[in-house]
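Secondary and tertiary structure notes
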Amino acid sequence: VRGHSGIRSLLGETAKQRAAAGLVVVLGVVVAALLALRQWPLGAAGASLILTALGLLALDGRRRTGDVQRRLAQQAESTRGLARAIESTKWDVGQISRELSALGEAFADGRSRHASLLRRSVGLATRHPQEVEALLQLYGKISPTAPMPPAGNWALNPTGVLNLYAIVERECPGLVVELGSGTSTVWLGYAVTRQGRGRVVSVDHLVSYAEQTRSAIDLHELGAVSEVRVAHLVETAVDGEIYQWYESEVLADLQQIDLLFVDGPPGDTGHDARYPAVPQLLDRLADGALVVLDDVDRDDEQEIVERWLKYAPALARETTVVGDQAVLRYRVSPPPAPTDHSPAH
Ligand SMILES: C[S@@+](CC[C@H](N)C(=O)[O-])C[C@H]1O[C@@H](n2cnc3c(N)ncnc32)[C@H](O)[C@@H]1O
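If you're wondering where the values come from, they're calculated on a predicted model, not measured in any experiment. (Residues numbered from 1 in each chain as written. Predicted model: local features only at pLDDT ≥ 70, side-chain atom pairs only at ≥ 80, totals over all residues. Heavy atoms only, no water.)

Here we take up the pairing of strand S1 (residues 175-179). Burial analysis of S1 places five of its five residues in the buried class, which makes it a mostly covered element. What you see with S1 is no split at all: Leu175, Val177 and Leu179 on one side and Val176 and Glu178 on the other are buried throughout. Relative to strand S2 (residues 199-204), S1 is paired through five bridges, and the arrangement is parallel. Following the sheet pairing, valine 176 is matched in S2 by valine 200. (Buried < 20%, exposed > 50% of the residue type's maximum accessible area, 1.4 Å probe, protein only. Helix = DSSP H or I, 4+ residues; strand = E, 2+ residues; numbered from the N terminus. Pairing = 2+ DSSP bridges.)

A cis geometry characterises the amide bond from glycine 264 onward to proline 265, with omega recorded as -5 degrees. Phi at aspartate 239 is positive, roughly 50 degrees, even though this residue is not glycine. Summarising the element assignment, aspartate 239 is placed in the loop between strand S4 (233-238) and strand S5 (241-246). Judged by its relative accessible area of 47%, aspartate 239 is partly exposed.

What follows covers the pattern of salt bridges. In this structure the tally under the stated criterion is 22 salt bridges. Across the salt bridge formed by arginine 84 and glutamate 77, the nearest N and O atoms sit 3.5 Å from each other. A salt bridge links arginine 194 to glutamate 169, with the nearest nitrogen and oxygen atoms 3.3 Å apart. Pair noted here: arginine 194 is in helix H6 (residues 183-195) and glutamate 169 is in helix H5 (residues 158-171), with a separation of 25 residues, a long-range link. (Salt bridge = Lys/Arg side-chain N within 4 Å of Asp/Glu carboxyl O.)

We now examine the layout of surface pockets. Take a probe with the size of a water molecule and roll it over the atoms, and the empty space left behind shows itself. Estimates place the volume of the largest pocket at around 980 Å³. Counting only elements with at least two residues in the lining of the largest pocket, the list comes to helix H3 (40-126), H5, H6 and helix H7 (207-219). Examining the composition of the lining of the largest pocket, we find that four residues originate from one element, H7, more than from any other. A per-class count over the lining of the largest pocket returns 14 nonpolar, 15 polar and 11 charged. (1 Å grid on protein atoms, 1.4 Å probe; cavity = no way out; pocket = protein on both sides within 12 Å on 5 of 7 lines; lining within 4 Å. Points joined across faces, edges and corners; volume = space filled by probe spheres on them. Nonpolar A, V, L, I, M, F, W, Y, C, P; charged D, E, K, R; others polar.)

Applying the stated criterion across every chain, the model contains one cavity of 30 Å³ or more. Volume-wise, the largest cavity comes out at about 30 Å³. Lining the largest cavity are Val161, Leu164, Tyr165, Trp187, Leu188 and Ala191. Grouping the constituent residues of the lining of the largest cavity by class yields six nonpolar, no polar and no charged.

Within the largest apolar cluster, 35 residues are counted, with the highest numbers of intra-cluster contacts made by Leu179, Leu260, Val291, Trp308 and Leu315. With four residues, the single largest contributor to this core is strand S7 (residues 285-293). Apart from residues lying up to four places away in sequence, leucine 260 is in contact with Val177, Leu179, Ala277, Leu281, Leu285, Leu290, Val291 and Val292. The next biggest cluster of nonpolar side chains, apart from the first, holds 30 residues, and it includes Ile142, Tyr165, Val225 and Val228. (Core = buried A, V, L, I, M, F, W, Y, C linked by side-chain atoms within 4.5 Å. Contact = heavy atoms within 4.5 Å.)

Here H7 is 13 residues long and its end C-alpha atoms lie 18 Å apart, about the 18 Å a rise of 1.5 Å per residue gives. Along H7, the positions that sit buried rather than exposed are Ala210, Thr213, Ala216 and Ile217. Buried residues of H7, viewed axially, fall in a sector of 120 degrees; they line one side. Exposed and facing more than 90 degrees away from the buried side of H7 are Gln212, Asp218 and Leu219. Along its buried surface, H7 packs onto H6, S2 and strand S3 (226-230). Positive phi appears at glutamate 221, one or two residues downstream of H7, with a value of about 55 degrees. (Expected span 1.5 Å × (residues − 1). Arc of directions from axis to C-beta.)

Take the side chain of histidine 205 next. Mapped onto the elements, histidine 205 comes out in the loop between S2 and H7. When neighbours within four sequence positions are excluded, histidine 205 is seen to be in contact with Val230, Ala231, His232, Leu233, Tyr246, Pro266 and Thr269.

Okay, structure coming up:
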């Protein structure tokens, strides 16, 4: 079968080619017979017929070879086009998967922010009695000489004020530094006045709020113990990162801080806006000082506390009873031994 098909392909690829080749072979035999019989004119005519047929066959072969080459070139081109299409589809798929993962991250971020907001709102709604309790306790401690500036919203909640007030009562700080002035500045002024010791320096990055707080201080006649300074926010390098932080010259004279209350700058001034407080002011803290950070019910503030504790091993978190504040004690030497006030038996 293989030999038969070999002869077939030798004669030609198509039936027409094979028929023509067969005819040439027959003609060749006839011409050979004519020449053997010395029939020269007929033999010559036959031979020229064979040559013409062979020439036609060769021309047809060339045409077909050209067709095949063209088809091969077309196929190669379409293969290259296919390869290009596959490459571009691969890039598209990569791009889609990148966009999907970015979308996933944004969704997860949005969900966690939403959950945090919900937690805060539920917290605010359910702790109404605690806030009332805190107000009752605060107004049991002082009798303001003028209307108090409002608590809540941008200002501290009553529970936060109560926590700060209790710290001043317990610790009797000499120097209180507050970052972010407002209602809390007035309460701190009353607290140190009542203790009969200490002063409050409050720092604000906005002139308008600093002036508002100064007016409240004047109204409550707390100028002898309270001061408000304007310190604009400037780009400051902390731990190799750039933050918007209070200009250092305004805080330069503040040494041996006993209570550092961090309630500014506001979060909308930059990422982790309050983080620089510890790296920038740690060496100004007195041994045994307290650092208080408000709003630790927020994820960002919780993260700041974690970073502070890592940054400064001399800081340790203390427990609090009221308010959403983290209270950290700065201790470089062992705490003083407790005095024994127990009655002798
Ligand atoms: C959280 S507030 C400080 C609040 C302050 N410790 C108190 O208890 O009232 C931080 C900063 O936000 C700015 N600020 C205060 N009230 C604001 C308001 N209603 N809108 C925009 N910024 C305000 C002031 O510059 C302030 O220093």
